[in-house]
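# A closer look at the structure
Below, each chain spelled out in residue letters.
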Amino acid sequence: MIASNDPRARTPEEWREAMGDFGEAPYRGDQIFQWIQKKGVLDPAAMTNLSKTLRDKLSEELGDAARVVREHRSEDDTRKLLVELADGNQVETVLLPSGHKLDADAATADDDDGPRHPGTTRVTQCISTQVGCAMGCVFCASGIAGLKRHMTASEIVGQIQLASRQLEPNERLSHVVFMGMGEPLHNYEATARAITLLTHEKGLGMSPRRLTISTSGLVPEIERLGADFDGQVGLAISLHNANDERRSALMPINDRYPLRELMGALRRYPLRRGRRITIEYTLVSGQNDSLDDARGVARLLARLPVKINLIPMNPIEHSDLGPPDTKRVLAFQQVLRDADFHCFVRRRRGDDVSAACGQLVMLGHEPNKQFLRRQPRGEPEE
Ligand code: SAH
Ligand code: SF4
């Protein structure tokens, strides 16, 4: 069921049905879906194959769309877009061109890169799913900020539509990672609908294998995701420690879904043949970066089809926590490599614009300050 307050997120089938109320032929519904989801046109006034009457009605129903209010390009070509939602809240999305193979690819759970088109640069886009986040991880700017509200499905996919206009002629969106601001599985309905829209054959028709959902470990929703999309959607788990007590100190969600339950959900995830679950491990100096911690990870993940991404923590405001030095990072990686894991250190891309994926609240920018004053936690305001 489509939430009545999110008409932009209708599927073609729902649009066709809605055309009855508009007094229009059903095929007009397909056209509207294509304008929004395939061509990335959010403003009905620009949907030129529709009548003026229908465009006016649509404008009234759909209301204002989100817009890009700032773009920062870093030296390595990573672009961060600041997106303002219709109610004035701001989120961020990051474009990661794949010249720098390790990062964009390491961010996804897709080992198969798919067909390469000569002369084109593949782009991975990192998107947000909530304004802020309720999970309270101590090293994360969104966690410190707390949750302001869930994003709607149309706002989630809207980030891709807005960014499509910022792609260079030689660039092509190839992967989408739900690793921006927020916990996608805490906003399950909207996240699931976003997946449905992105993979719909009448829209962008993305393969679900090219989408990766990153989660701090909401066990029931991991199961739901696996069942709803038949294990096709890539899964990334933010682990950060293999010991319950130490993990809970970094991520309060671990008290609710401890490692035993999380590992059970991972074993049951109906992973497609040849695919791996991505394990994200943010290395925080003095908190989870010892060789013992690394050995614990190796024991915990033994025999699971995973690849491990080590991410040295990006320093954030309002926290003294920081990354270990490079030597320690490499020693941690070596323990895991010696135990035969695929283990990569993810370079922090776009550091000069605070665009590191997964750390999207802009340091020192107004929206963050606004979150921090509020210090909300728990459920969103309705
Ligand atoms: N809420 C989801 C997805 C968004 S966070 C999740 O937690 O998985 C995406 C990734 O960014 C997570 O692995 C998170 O641990 C990481 N991250 C958050 N803050 C970070 C920081 N300051 N430095 C490095 N990685 C960070
Ligand atoms: Fe939320 Fe992910 Fe940040 Fe934790 S790391 S607070 S789950 S966005």
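This text follows the structure it describes.
Everything in this summary refers to the structure shown in the same document. (Residues numbered from 1 in each chain as written. Chains lettered and ligands numbered in written order. Predicted model: local features only at pLDDT ≥ 70, side-chain atom pairs only at ≥ 80, totals over all residues. Heavy atoms only, no water.)

### Examining the site of ligand 2
Surveying the vicinity of ligand 2 reveals the residues C133, M135, G136, C137, C140, G143, G182, E183 and S216. Of the residues belonging to the shell around ligand 2, the class tally is 4 nonpolar, 4 polar and 1 charged. (Near = heavy atom within 4 Å. Nonpolar A, V, L, I, M, F, W, Y, C, P; charged D, E, K, R; others polar.)

### Description of the sheet that holds strand 1 (residues 67-73)
Strand order in this open sheet of 10 strands is 1-2-3-4-7-8-9-10-11-12, and the pairing throughout is mixed. Both edges of this open sheet fall to strand 1 and strand 12 (342-345), since each of them pairs with a single strand only. Averaged over all neighbouring strand pairs, the angle between strand axes comes to 25°, with direction disregarded. Judged from the 6 bridges that link them, strand 2 (residues 79-84) and strand 3 (residues 90-97) form a sheet pairing that is antiparallel. Paired with V83 across the bridge in strand 3 is V91. (Pairing = 2+ DSSP bridges. Helix = DSSP H or I, 4+ residues; strand = E, 2+ residues; numbered from the N terminus. Axes fitted to C-alpha atoms, helices over the stretch in contact; angles between N-to-C directions.)

### Observations concerning helix 3 (residues 52-62)
Listed as buried for helix 3 are L54, L58 and L62. Viewed end-on, helix 3 has its buried residues packed into an arc of 55°, placing them on one side of the element. Of the residues in helix 3, the exposed ones pointing more than 90 degrees away from the buried face are K52, T53 and E60. Of the surrounding secondary structure, the elements contacted by the buried residues of helix 3 are helix 1 (12-22) and helix 2 (27-38). (Buried < 20%, exposed > 50% of the residue type's maximum accessible area, 1.4 Å probe, protein only. Arc of directions from axis to C-beta. Contact = heavy atoms within 4.5 Å.)

### Regarding the nonpolar core
Judged by nonpolar contacts, the single largest core of 95 residues is most densely connected at I32, F178, I279, L301, I308 and L336. Counting residues per element, this core draws most heavily on helix 7 (residues 188-199), at 7 residues. When near neighbours in sequence (up to four residues on either side) are disregarded, L301 contacts L239, M263, I279, V306, I308 and F341. V94, L96, M179 and A236 belong to the second-largest nonpolar core, a separate cluster that totals 6 residues. (Core = buried A, V, L, I, M, F, W, Y, C linked by side-chain atoms within 4.5 Å.)

### Notes on the site of ligand 1
Inspection of the region around ligand 1 gives 19 residues, with F139, S214, S238, H240 and N314 positioned closest. Taking G182, its main chain carries an N or O atom lying 2.9 Å from a nitrogen atom of ligand 1. Protein chains bury 96% of the 530 Å² of accessible surface belonging to ligand 1 in isolation. Those elements that place two or more of their residues in the shell around ligand 1 are strand 8 (211-215) and strand 10 (277-283). (Polar contact = N/O pair within 3.5 Å; in protein donor to acceptor, adjacent residues only side chain to side chain. Areas by Shrake-Rupley, 256 points an atom, 1.4 Å probe, with all protein chains shown as cover.)

### With respect to helix 8 (residues 219-228)
Those residues of helix 8 lying buried are V219, E221, I222, L225 and G226. Buried residues of helix 8 fall within an arc of 165° about the axis and therefore sit on the same side. On its buried side, helix 8 packs onto helix 7, strand 8, strand 9 (234-238) and helix 11 (259-268). Where helix 8 ends, the next residue or the one after it, D230, has phi of about 55°, a positive value.

### Quick look at the pattern of salt bridges
Within the structure shown, the criterion is met by 18 salt bridges. In this structure, R16 engages D30 in a salt bridge whose closest nitrogen and oxygen atoms are separated by 2.5 Å. Linking R16 in helix 1 with D30 in helix 2, this pair joins segments that are 14 residues apart in sequence. Residue classification places R16 among the partly exposed positions, given a relative accessible area of 35%. On the accessibility criterion, D30 (13% relative accessible area) is buried. (Salt bridge = Lys/Arg side-chain N within 4 Å of Asp/Glu carboxyl O.)

### Some points on the environment of G231
By the element assignment, G231 lies in the loop between helix 8 and strand 9. In this structure the C-alpha to C-alpha distance between G231 and P270, which are 39 residues apart in sequence, comes to 4.6 Å.

### Focus: unusual backbone geometry
At D77, a residue that is not glycine, the phi angle is positive and equals roughly 80°. Along the chain, the position of D77 falls in the loop between strand 1 and strand 2. Overall, the relative accessible area of 35% leaves D77 in the partly exposed class. Positioned with a positive phi, H240 is a non-glycine residue whose angle comes to about 65°. Relative to the elements of secondary structure, H240 occurs in the loop between strand 9 and helix 9 (244-250).

### Overview of the packing of helix 7 against helix 8
Interaxial distance between helix 7 and helix 8 falls to 12 Å at its minimum, and their mutual angle equals 25°. If you check the angle between helix 7 and helix 8, you find them roughly parallel. Crossing angle aside, the handedness with which helix 7 passes helix 8 is right-handed. Contacts from Y188, E189 and I195 of helix 7 reach helix 8 at E221, R224, L225 and D228. (Parallel < 35°, antiparallel > 145°, perpendicular 65-115°, else oblique. Left-handed = near helix turned anticlockwise from the far one by under 90°.)

### Remarks on the side chain of S216
Looking at the element boundaries, S216 is found in the loop between strand 8 and helix 8. Leave out the neighbours within four places in its chain, and S216 touches M135, E183, S238, R247, M251 and I253.

### Overview of the packing of aromatic side chains
Describing an aromatic ring pair means giving the distance of the ring centres and the angle of the ring planes. Following the criterion strictly, the structure yields 1 aromatic pair and no others. When the ring of Y281 is compared with that of F332, the centres are 5.0 Å apart and the planes differ by 40°; the resulting orientation is tilted. Of the two residues, Y281 sits in strand 10 while F332 sits in helix 13 (residues 326-338), which places them 51 residues apart along the sequence. Take Y281 and F332: they sit in the same class, and that class is buried. (Phe/Tyr/Trp six-rings, centres within 6.5 Å; stacked < 30°, edge-to-face > 60°.)

Any functional reading would require information beyond the geometric quantities listed.
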